[in-house]
Amino acid sequence: MNISDVFNSYVSSVEASRAASTVDTYKYKLNTAKKNLECEDTEKVTKEVAQAFIDNLSEKYATKTVRGIYDVVNAAFRFAVSNGSIKDNPFECCRVNPVEYHVPIILSEEQVE
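Residues numbered from 1 in each chain as written. Predicted model: local features only at pLDDT ≥ 70, side-chain atom pairs only at ≥ 80, totals over all residues. Heavy atoms only, no water.

A. Main features of the packing of aromatic side chains. Scanning the model with the defined rule gives five aromatic pairs in all. Pairing Phe-77 with Phe-91 gives two aromatic rings, centres 4.9 Å apart and planes at 55 degrees, and the pair type is tilted. Taken as a pair, Phe-77 in helix 4 (residues 63-82) and Phe-91 in the loop between helix 4 and helix 5 (109-112) lie far apart in primary sequence, 14 residues in all. Accessibility expressed as a relative area gives 0% for Phe-77, which makes it buried. Using a relative accessible area of 0% as the deciding quantity, one classes Phe-91 as buried. An aromatic cluster of three or more residues is present, and its members are Phe-7, Phe-53, Phe-77 and Phe-91. (Phe/Tyr/Trp six-rings, centres within 6.5 Å; stacked < 30°, edge-to-face > 60°. Helix = DSSP H or I, 4+ residues; strand = E, 2+ residues; numbered from the N terminus. Buried < 20%, exposed > 50% of the residue type's maximum accessible area, 1.4 Å probe, protein only.)

Right under this line is the structure:
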């Protein structure tokens, strides 16, 4: 099975239960992943290749973008494992930088005036 088959199968499985805009976002993220993943054959995607892919994305994109792409790719591979299309999910143990959330500063009444 190739990467395109894994991604297309996953998108088909979620289309009925997700909003069209969500499906479009999944497709965009999976297309971005496909462009940056160095191989098309799922058997050649090892844990090392998967981690190198994540590290490469981290050099190009913001942490939140990388996390979003990783989440969808991991879900697609998890789906492929659950339906027996592939044996293992090489993305399940990848290290992805955590997204930092900043707490907004609340101004006092004196600061507002």
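So, next bit.
B. Seen up close, the pattern of salt bridges. With the rule as written, the count across this model stands at two salt bridges. Two residues, Lys-27 and Glu-15, come together in a salt bridge whose shortest N-O distance is 3.8 Å. With Lys-27 in helix 2 (residues 20-36) and Glu-15 in the loop between helix 1 (3-14) and helix 2, the pair connects residues that are twelve residues apart, well separated along the chain. The exposure class assigned to Glu-15 is partly exposed, which follows from its relative accessible area of 39%. The salt bridge partner of Asp-71 is Arg-67, with a shortest N-O separation of 3.5 Å. Here the residue Asp-71 and the residue Arg-67 both occupy positions in helix 4, the gap between them amounting to four residues, near one helical turn. Using a relative accessible area of 37% as the deciding quantity, one classes Asp-71 as partly exposed. Overall, Arg-67 belongs to the partly exposed group, its relative accessible area being 26%. (Salt bridge = Lys/Arg side-chain N within 4 Å of Asp/Glu carboxyl O.)

C. How the structure looks around the environment of Lys-87. Its location among the elements puts Lys-87 in the loop between helix 4 and helix 5. When the C-alpha atoms of Lys-87 and Glu-43 are compared, they prove to be 8.9 Å apart, with 44 residues separating the residues in sequence.

D. Expanded view of the packing of helix 1 against helix 4. The N-to-C vectors of helix 1 and helix 4 enclose an angle of 90 degrees; their axes lie 9 Å apart at closest approach. Comparing their axes, helix 4 and helix 1 come out roughly perpendicular. Mapping the contact onto sequence places Ile-3, Val-6, Phe-7, Ser-9, Tyr-10 and Ser-13 in helix 1 and Val-72, Val-73, Ala-75, Ala-76, Phe-77, Phe-79 and Ala-80 in helix 4. Split by residue class, the contact of helix 1 with helix 4 holds eleven nonpolar, two polar and no charged. (Axes fitted to C-alpha atoms, helices over the stretch in contact; angles between N-to-C directions. Parallel < 35°, antiparallel > 145°, perpendicular 65-115°, else oblique. Contact = heavy atoms within 4.5 Å. Nonpolar A, V, L, I, M, F, W, Y, C, P; charged D, E, K, R; others polar.)

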